[in-house]
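Chain by chain, the residues:
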Amino acid sequence: LGFVTPYLWMFISSYKDIRSKLLSEATIGTLIQLEYNAFEPACVPVCCFAMGKSHINNYLGSYINLSEFKGHESQSPKTLEAIQNNGCGWFFKACPDSFQKIAGSPFAYWVSQGVIRSFEESRRVSDVAETKSGMSTTDNVQFLRYWYEVPQSKIGFNFENAQTAAESNKKWFPYSKGGGYRKWFGNQEYVVNWQADGRDIRECIASDPAKQVGGRIVNENFYFKPGVGWSDLTSGRLSARVQDKGFLFDSVNPIAFPHDQGESLHLLGFLNSDFANDLSSIINPSLHFTPGNARELPFPKSGQIPDRLKEVCRQCISISHEDWDASETSWGFDTLPIVTPERKVPTLNLTWQNWATYCSEAISRLRLLETENNQIFIDAFGLQNELSANVPEDQITLARADREKDCQRLISYAIGCMMGRYSLDEPGLIYAHAGNVGFELGRYATFPADADGIVPITDELWFADDAPSRVREFLRAVWGPDTLEENM
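Along each chain, residue indices are assigned from 1 in the same order as the chain's sequence is written. Where totals are concerned, whole chains, interfaces and linings use all residues; where local detail is concerned, this predicted model gives features only for residues with pLDDT of at least 70, and gives and counts side-chain atom pairs only at 80 or more. With hydrogens and water set aside, each side-chain value is computed from the structure's full complement of heavy atoms.

Remarks on the overall build of the protein
Scanning the protein for helices and strands turns up 14 helices and 15 strands. C-alpha atoms of the protein, sized along the principal axes, occupy 85 × 55 × 50 Å. Partly exposed residues are those whose accessible area sits between 20% and 50% of the maximum for their type, while under 20% is buried and over 50% is exposed, using a 1.4 Å probe and protein chains only. Evaluated residue by residue, the protein yields a buried proportion of 48% over its 488 residues. Only heavy atoms enter the contact rule, under which two residues are in contact if any of them lie within 4.5 Å. Here the analysis covers contacts within the protein between residues at least 6 apart in sequence; of these, 67% occur between residues at least 24 apart. Using a 1.4 Å probe, accessible areas were evaluated by the Shrake-Rupley method; residue-level cover was limited to the displayed protein chains. Total accessible area on the protein is roughly 23,400 Å²; 52% of this is exposed by carbon and sulfur atoms. Charge assignment in this entry is limited to Lys and Arg as positive and Asp and Glu as negative, and neither His nor the chain termini are counted. By convention, the point assigned to a charge is CZ for Arg, NZ for Lys, CD for Glu and CG for Asp. Here the protein carries 45 positive and 61 negative side-chain charges, and the mean point of each set is 6 Å from the other. Strands are runs of DSSP state E lasting at least 2 residues, helices are runs of H or I lasting at least 4, and numbering of each runs from the N terminus.

Side note on the pattern of salt bridges
Every case where a carboxyl oxygen of Asp or Glu lies within 4 Å of a side-chain nitrogen of Lys or Arg is listed as a salt bridge. Inspection of every chain in the model, using the stated rule, returns 21 salt bridges. Of the charged contacts, one joins Asp274 and Arg237 as a salt bridge, the two residues approaching to 2.6 Å between their closest N and O atoms. Of the two residues, Asp274 sits in helix H8 (residues 274-283) while Arg237 sits in the loop between strand E11 (227-230) and strand E12 (240-243), which places them 37 residues apart along the sequence. With a closest N to O distance of 2.5 Å, Arg409 and Asp406 form a salt bridge. Placement of both Arg409 and Asp406 in helix H12 (residues 403-418) is noted, with a separation of 3 residues, approximately one turn of the helix. Overall, Asp406 belongs to the buried group, its relative accessible area being 9%. Each member of the salt-bridge network shares a partner with another, and the members are Asp197, Arg202 and Glu220.

Quick word on unusual backbone geometry
Negative phi is the rule for most residues except glycine; trans is the rule for most peptide bonds. Positive phi outside glycine occurs at Asn187, with the angle close to 55°. As for its placement among the helices and strands, Asn187 is situated in the loop between strand E9 (172-176) and strand E10 (190-193). Positioned with a positive phi, Asp197 is a non-glycine residue whose angle comes to about 60°. With respect to the helices, strands and loops of the structure, Asp197 is situated in helix H6 (residues 195-206).

Some points on the environment of Pro427
Here Pro427 is to be found in the loop between H12 and helix H13 (467-479). Linking Pro427 and Pro106, residues 321 residues apart in sequence, is a C-alpha distance of 53 Å.

A word on the packing of helix H11 (residues 348-381) against H12
Every axis corresponds to a line fitted to the C-alpha atoms, with the helix fit spanning only the stretch in contact, and the corresponding angles, defined between N-to-C directions, vary from 0 to 180 degrees. Viewed as axis vectors pointing N to C, H11 and H12 meet at an angle of 115°, and their least axial separation amounts to 12 Å. Here H11 lies roughly perpendicular to H12, going by the angle between them. Here the hand of the crossing between H11 and H12 comes out right-handed. For the pair H11 and H12, contact is made by Leu348, Asn349, Trp352 and Trp355 and by Arg403, Asp406 and Leu410, respectively. Put simply, Ala, Val, Leu, Ile, Met, Phe, Trp, Tyr, Cys and Pro go in the nonpolar bin, Asp, Glu, Lys and Arg in the charged bin, and everything else, Gly too, in the polar bin. Partitioned by chemical class, the residues of the contact of H11 with H12 number 4 nonpolar, 1 polar and 2 charged. What sets the label is the angle itself: under 35 degrees gives roughly parallel, over 145 gives roughly antiparallel, 65 to 115 gives roughly perpendicular, and the rest give oblique. Each crossing gets its handedness from the near helix: less than a right angle anticlockwise from the far helix is left-handed, clockwise is right-handed.

Thoughts on H13
Multiplying 1.5 Å by the residue count of a helix minus one yields the expected span of that helix. Here H13 is 13 residues long and its end C-alpha atoms lie 18 Å apart, about the 18 Å a rise of 1.5 Å per residue gives. Residues Ala467, Ser469, Arg470, Val471, Phe474, Leu475, Val478 and Trp479 constitute the buried set of H13. Contacts made by the buried residues of H13 are with H11, H12 and helix H14 (484-487). Immediately beyond the C-terminal end of H13, within one or two residues, lies Gly480, with a positive phi of roughly 90°.

Side note on the sheet that holds strand E2 (residues 27-33)
Spatially, 5 strands are ordered E1-E3-E2-E4-E5 in an open sheet, and the strand pairing comes out mixed. With partners counted over all chains shown, the strands left at the sheet margins are strand E1 (2-6) and strand E5 (91-94), one partner each. Taken over all neighbouring pairs, the strand axes of this sheet differ in orientation by 25° on average, direction set aside. Between any two strands, at least two bridges found by DSSP are needed for them to pair. In the sheet, strand E4 (residues 61-65) pairs with E5 via 4 bridges, with the strands oriented antiparallel. Following the sheet pairing, Ser62 is matched in E5 by Lys93.

Here is the structure:
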């Protein structure tokens, strides 16, 4: 029998039973996995294969993967090239019986024997951690905010459990919602209305039968606990981040909760390794990486993990944490790095060059640490001859120095100081309220905050306190009068 079908049956968990049936009762002799745009003008994931109706033990089938060749016009030529030259790089020989050794029995025809052995001989992530999806508020517009959109006095940070959070009478709590590709630390941007143990969300769901389908508030006993999270939607690479205590989490931001907190850094390092990323594409090559997928990943036995791994992960977290807090959009932001005494030199130009050097060195340090992290897991699984530990620089998720963007950040911070949000005399958030309650001008000695909170932006100098004039004052306050014109 010959078939042309969508190829999702080869991988995703809902087709596990049919994979098991095909592997035990039939023999797939040849299979071609086509590129998404193989049929003009459709964009669908398709494969074609030929299948015999009885099972032949240890049969060696032929597989061709055309996913790297874009467009329908390239599919036929590249298929013929693979048939004529089996060493082309996209032709594979594989025994379907070996697929059953991998969790979920995906048709991972390109996988080496070493990788298959890792599934056979190792623990699973499920042996060391619970992997859980979080809630769906059913109405994010109503119940979610960026942390800087609400009064900070109403945000409850670092609560250890639901009871103490409810008793605090705080309204907003940190909320993990996935986000873009970022490793180790970050993507901490949202807060959720969980006042009185989620009273408003529960009432909203209860009032609409359509919102009650499928369960919306799930795994509550894991709220506020520390863990290791990642974004369910992985259009690029898998990236995991440490999640401290005090967070609730979203359905698109699964969290792994280690049975033993001593395994937390091990788990973080593993999920951020190239090997885990490769495994994730084997178990589920779609755009989603679910808690169930993570549960099935092989994980080294405790004796295979060196003590050094924890220190590597701590350093990675520290570098990424500092990088995240250098932005105003982090609730851990203290001050703009280039205006701190240890970073600034007499001119803005030289200060920025020093900052660029610092950023470059941080990227290099993190790259070396991630390479070491990769090597630890390559050694643990015995894959020295199959995988490279090298980490390309574009996979390092730290901010790059950018002259234009950094000047924009400087102006943004200067405006923040004008409005009293920040001060050159104290670190952190100084004033973020309404009605001038608690607004004390004495906290802004080096660079005075604007008395009325109105900073005009004009194309000519009409006001003594307009934005261009105040930017000049800011540069004078930070770098002094001698280099003012050069800094402008």
